[in-house]
Amino acid sequence: MSESFFWWTKEQLDLYEKVKDFVENHIEEAEFYYWKRKFPWPLVKKAAKEGFFGVGIPKEYGGMELGATGGCITGEQLGRLYSVGHVFTVSILAGLEQILRYATEEQKRKWLPKIASGEQLGAVCITEPFAGSDAANVFTSAEKDGDEWIINGKKRFITGAGVADRYFIYAKTSEDPAVRKQSGHITSFIVEKGTPGFTLEKINPLIGIENVPNGYLDFNNVRISDKNRIGAVGKGWNVMMSGLNFERLIGSAILLGMFDDTIKLLFHYTKRRVQFNRTTNKFPGIQNGIAEIITKCKVARTFAYYCAKLIDEGKEPMIEASIAKLVATEYGRECALKAIQIMGGDGLTRFYPTERFLRDSKIGEIVGGTNEVQKMIIYRFSAMLPGSNVSIRLRWNDEIDAPLISKKDSRFKGLEVNEENILKVIAHDFKVNPGLYMTPDDVREDIGGGSRSSIRKIFEALENKKLIVVHRDRQKKIALVKASYEGLQQAFPKEHYQWFPEWYDDSDKF
Ligand SMILES: Cc1cc2nc3c(=O)[nH]c(=O)nc-3n(C[C@H](O)[C@H](O)[C@H](O)COP(=O)(O)OP(=O)(O)OC[C@H]3O[C@@H](n4cnc5c(N)ncnc54)[C@H](O)[C@@H]3O)c2cc1C
């Protein structure tokens, strides 16, 4: 199922073969650590030695320079080794994009080779006890003292807490409400393990991703050099945002390999499970279920690699990265549940990877911004696109005697702009769209003239006469208008609004 895509470069194709081989040869070792609930240090070191942690880092800093597509290819495969995939993800996310875009050359030379070699594992530290989805609400503070910063506060839910050496943190550097309003109150820093005052506070017992520690961190007067500050003071929000598309994409990629392994397992399993004297793969319901999983796998995978391509082309695919994350995690949960159902009781046991897929995809729906937050982003950013403001006008077609989507001028176009005609436009719209208001621009378009201010004055006059109902925006400006009952009566006789299908009996009309 997990075939390559035609737009991959030769180097990306080679990487795909290499990382796939690596994973195939180490699945049993990954299982071993999973069952032991031990962090798989030897396996992580082997993956690092292969250079996988440097997949997105430019060659001049010791990486492979294979972009977001390379990151996706590696994440998809390493995700099949459970904890190794998660550590890979947080380690490269703890600074890669942020350092590439915001660090000085000296900082790049210091940190990027360490990320690339996997010599230092990293952790991303955004979340705090009081800052979850509202990531800007950080309490952890950084105060300047000469050439140093003093950090105080707590972070929580940090993947890789304890095993990571490099912690990419976001701290508050201003209390000024005006600065905060512009999201200028946050600055980003790297804090290294072993810095005095920086301690591990708690490890969370979680539903999934079991053998990667996830926990709380405590910063008690932790002094770090100003050289550990990434980006300008007050630019932490931009630094955080700069990595988010990549982060969401890689977060979705690590689940993709699990879809594929689940499909292979289901083919294997249902050819060997006999009920009612038939192998279960002969039951149409089971076939439908597997087909559904294959479909969702292909959609999630194709979308993730499309998004990776956009990033590699230098685009900022905010909407697509959120969709990639949403689709991979929601489909992951749905497919895992379906797979469990197909396998019956076996699917619920730890002896098969299906229940783990369920637990990990559920986590995926919360980390990296919850899926509700992704939907908020998808809606808000889509609403800013030109397509969301195209008006789709229905006009009454007298020949068909029905409202049709039309690009023709309104029947009122060219009439004098006065109260009577504006009321007619608004009342006629009731015949076409009985449940909708009109925007002032809809009315202006229909009448085909008049300045916005003159039309607004007419609306106010009609409102005073109770002939129209208006909806005002927060600034109290008229945003929408519709005819009142009295307005409808004044504009047209009641027959204007009546409409019956041809087959409707005249004797039943009243
Ligand atoms: C396993 C795991 C690993 C993690 N790893 C890391 C890590 O490495 N680094 C890190 O910094 N963080 C990490 N996190 C934290 C993760 O990013 C947060 O849990 C996540 O952003 C949600 O924050 P929260 O848990 O505080 O939930 P809350 O923000 O309290 O959300 C609770 C509910 O309210 C909803 N909600 C909140 N705001 C809105 C809104 N405006 N509109 C609609 N619904 C809303 C949410 O969708 C959610 O359903 C991890 C979490 C987990 C569970």
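Residues numbered from 1 in each chain as written. Predicted model: local features only at pLDDT ≥ 70, side-chain atom pairs only at ≥ 80, totals over all residues. Heavy atoms only, no water.

**Quick notes on the domain arrangement of the protein**
- For the protein, the assigned domains are domain 1 (1-120), domain 2 (121-240), domain 3 (244-387) and domain 4 (394-508).
- For domain 3 versus domain 4, the distance between C-alpha centres works out to 47 Å. (Domains from an automatic or database assignment.)

**Quick word on the site of the ligand**
- For the ligand, the set of nearby residues contains 18 residues, the closest of which are Val124, Thr127, Ser133, Phe157 and Thr370.
- Ser133 is positioned such that a nitrogen or oxygen atom in its side chain is 2.6 Å from an oxygen atom of the ligand.
- One of the side-chain N or O atoms of Thr370 is found 2.7 Å from an oxygen atom in the ligand.
- About the coverage of the ligand: the protein hides 66% of its 970 Å² of free accessible area.
- Of the pockets mapped on this structure, the ligand occupies the largest pocket.
- The set of elements that each furnish at least two residues to the shell around the ligand consists of strand S1 (122-125), strand S3 (148-159) and helix H14 (371-383).
- When its residues are assigned to classes, the shell around the ligand shows ten nonpolar, seven polar and one charged. (Near = heavy atom within 4 Å. Polar contact = N/O pair within 3.5 Å; in protein donor to acceptor, adjacent residues only side chain to side chain. Areas by Shrake-Rupley, 256 points an atom, 1.4 Å probe, with all protein chains shown as cover. 1 Å grid on protein atoms, 1.4 Å probe; cavity = no way out; pocket = protein on both sides within 12 Å on 5 of 7 lines; lining within 4 Å. Sits in = over half its atoms within 2 Å of the grid points. Helix = DSSP H or I, 4+ residues; strand = E, 2+ residues; numbered from the N terminus. Nonpolar A, V, L, I, M, F, W, Y, C, P; charged D, E, K, R; others polar.)

**Things to note about empty space enclosed by the protein**
- One pass over the structure, following the stated rule, counts one cavity of 30 Å³ or more.
- Here the largest cavity is characterised by a volume of approximately 60 Å³.
- Around the largest cavity, the lining residues are Tyr34, Tyr82, Ser83, His86, Gly208, Ile209, Glu210, Asn211, Val212, Arg356, Arg359 and Asp360.
- For the lining of the largest cavity, the secondary structure elements donating two or more residues are helix H4 (83-93) and helix H13 (354-364).
- Here the lining of the largest cavity gets three residues from one element, more than from any other, and that element is H13. (Points joined across faces, edges and corners; volume = space filled by probe spheres on them.)

**Brief notes about the side chain of Lys155**
- By the element assignment, Lys155 lies in strand S3.
- Exposure remark for Lys155: the relative accessible area of 0% places this residue in the buried category.
- From its side chain, Lys155 meets the backbone oxygen of Cys125 in a polar contact 3.5 Å long. (Buried < 20%, exposed > 50% of the residue type's maximum accessible area, 1.4 Å probe, protein only.)

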